[in-house]
Amino acid sequence: CIWQDPAQIDKLYTNYRYTDGSAHHQQRAMSGIEMALWDLAGKVLNVPTHALLGGKFRDKVRLYDHSTPRDFLDKSVVRDWAAKVKAMPNGIKQHKFGPLRNQPGKDPGRDPANRLLSSAEIRKLVQGYENVREALGWEHEILIGCHWEFDLRASIDMANALAPIKPLFLEDPLPL
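The sections below set out a description of the structure shown in this document. (Residues numbered from 1 in each chain as written. Predicted model: local features only at pLDDT ≥ 70, side-chain atom pairs only at ≥ 80, totals over all residues. Heavy atoms only, no water.)

1. Focus on the pairing of strand 1 (residues 94-97)
Remark: a regular strand shows side chains that alternate across the two faces of the sheet.
Okay, so step 1: Burial along strand 1 is two-sided: Gln94 and Lys96 and His95 and Phe97, pointing in opposite directions, are all buried.
Okay, so step 2: With four bridges joining them, strand 1 and strand 2 (residues 141-145) adopt parallel strand pairing. Residue pairing for strand 2: Gln94 is matched across the bridge by Glu141.
Okay, so step 3: Note on the crossover from strand 1 through helix 5 (residues 119-136) to strand 2: the handedness is right-handed. (Buried < 20%, exposed > 50% of the residue type's maximum accessible area, 1.4 Å probe, protein only. Helix = DSSP H or I, 4+ residues; strand = E, 2+ residues; numbered from the N terminus. Pairing = 2+ DSSP bridges. Right-handed = clockwise from strand over helix to strand, strands pointing away.)

2. What to know about the packing of helix 4 (residues 75-87) against helix 5
Okay, so step 1: Where helix 4 meets helix 5, the axes come as close as 9 Å, and the angle between the chain directions of the two elements is 45°. Taken together, the axis directions place helix 4 and helix 5 in an arrangement best described as oblique. For helix 4 against helix 5, the interelement crossing comes out right-handed. Together, Lys75, Val78, Arg79, Trp81, Ala82, Val85 and Lys86 of helix 4 and Gln127, Asn131, Val132, Glu134, Ala135 and Leu136 of helix 5 make up the contact between the two elements.
Okay, so step 2: The residue makeup of the contact of helix 4 with helix 5, split by class, is seven nonpolar, two polar and four charged. (Axes fitted to C-alpha atoms, helices over the stretch in contact; angles between N-to-C directions. Parallel < 35°, antiparallel > 145°, perpendicular 65-115°, else oblique. Left-handed = near helix turned anticlockwise from the far one by under 90°. Contact = heavy atoms within 4.5 Å. Nonpolar A, V, L, I, M, F, W, Y, C, P; charged D, E, K, R; others polar.)

3. Details of helix 5
Okay, so step 1: Between its first and last C-alpha atoms helix 5 spans 26 Å; for 18 residues at 1.5 Å apiece the expected length is 26 Å, and the two agree.
Okay, so step 2: Within the span of helix 5, buried status applies to Glu121, Ile122, Leu125, Gly128, Tyr129, Asn131, Val132, Arg133, Ala135 and Leu136.
Okay, so step 3: The secondary structure elements touched by the buried residues of helix 5 are helix 4, strand 1, strand 2 and helix 6 (152-162).
Okay, so step 4: The positive-phi residue at the C-terminal boundary of helix 5 is Gly137, with phi of around 80°. (Expected span 1.5 Å × (residues − 1).)

4. Description of the packing of aromatic side chains
Okay, so step 1: Counted under the stated rule, the structure contains four aromatic pairs.
Okay, so step 2: Their ring planes at 70° and their centres at 5.7 Å tell us that Phe72 and Tyr129 sit as a pair that is edge-to-face. Separated by 57 residues along the polypeptide, Phe72 in the loop between helix 3 (49-52) and helix 4 and Tyr129 in helix 5 bring together distant segments of the chain.
Okay, so step 3: Here Tyr129 falls in the buried class, since its relative accessible area comes to 0%.
Okay, so step 4: Here the aromatic rings of Phe97 and Tyr129 are separated by 5.8 Å at their centres, their planes lie at 45°, and the arrangement is tilted. In this pair, Phe97 is assigned in strand 1 and Tyr129 in helix 5, connecting sequence segments 32 residues apart.
Okay, so step 5: A residue is classified by how much of its surface remains accessible, and Phe97, at 2% relative accessible area, is buried.
Okay, so step 6: One aromatic cluster in this structure is built from Phe72, Trp81, Phe97 and Tyr129. (Phe/Tyr/Trp six-rings, centres within 6.5 Å; stacked < 30°, edge-to-face > 60°.)

5. Let's talk about the packing of helix 5 against helix 6
Okay, so step 1: Between helix 5 and helix 6, the shortest axis-to-axis distance is 10 Å and the interhelical angle comes to 35°. Between helix 5 and helix 6 lies a crossing whose hand is right-handed. Along its contact with helix 5, which presents Ile122, Leu125, Val126 and Tyr129, the element helix 6 presents Asp157, Met158, Ala161 and Leu162.
Okay, so step 2: Broken down by class, the residue content of the contact of helix 5 with helix 6 amounts to seven nonpolar, no polar and one charged.

6. What to know about the layout of surface pockets
Over the atoms, a rolled probe matching the size of one water molecule traces out where space is still vacant.
Okay, so step 1: Of the pockets and cavities examined, the second largest pocket occupies roughly 150 Å³.
Okay, so step 2: Together, Gly109, Leu116, Leu117, Ser118, Ser119, Ile122, Arg153, Ala154 and Asp157 line the second largest pocket.
Okay, so step 3: Among the secondary structure elements, those contributing two or more residues to the lining of the second largest pocket are helix 5 and helix 6.
Okay, so step 4: Element by element, the count of residues in the lining of the second largest pocket is highest for helix 6, at three residues.
Okay, so step 5: Class assignment of the residues belonging to the lining of the second largest pocket gives a composition of four nonpolar, three polar and two charged. (1 Å grid on protein atoms, 1.4 Å probe; cavity = no way out; pocket = protein on both sides within 12 Å on 5 of 7 lines; lining within 4 Å. Points joined across faces, edges and corners; volume = space filled by probe spheres on them.)

Spelled out as structure tokens, the structure:
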């Protein structure tokens, strides 16, 4: 980006953005750089950044946290965690988790070389997220970020298994 025109934000972002589906840290860095460039452009032009991006769309944005219970399978641990997040003054009512996975070697169906979920992992997912739903209630949202970890069958199996807890989203289960 050195010696390039910082006002050419889309060009810079497009030219330097590359991902093979595993470049999580690079994507985060590029997103941060892009936001900084938009902020810089707004300051140079003395206008709010939202004016450069097509105008203000809303006054509030719902946030989510990444706070998680220490043990999704222990109902008392999950209840204690839920009580803490419900009591937080920030008002966050959306909670994002990764999928619950078993340790390779402890689950004969868990093979880190493939994108499948073992039967034991499906049962663990269901039990863990049912515990979370029960502890949080329906006034809080459950979000699940999968980080491109699964194949089509595992993604469908997971979505079907978790349908009763109504996650707000099942983010990026399939590779790009």
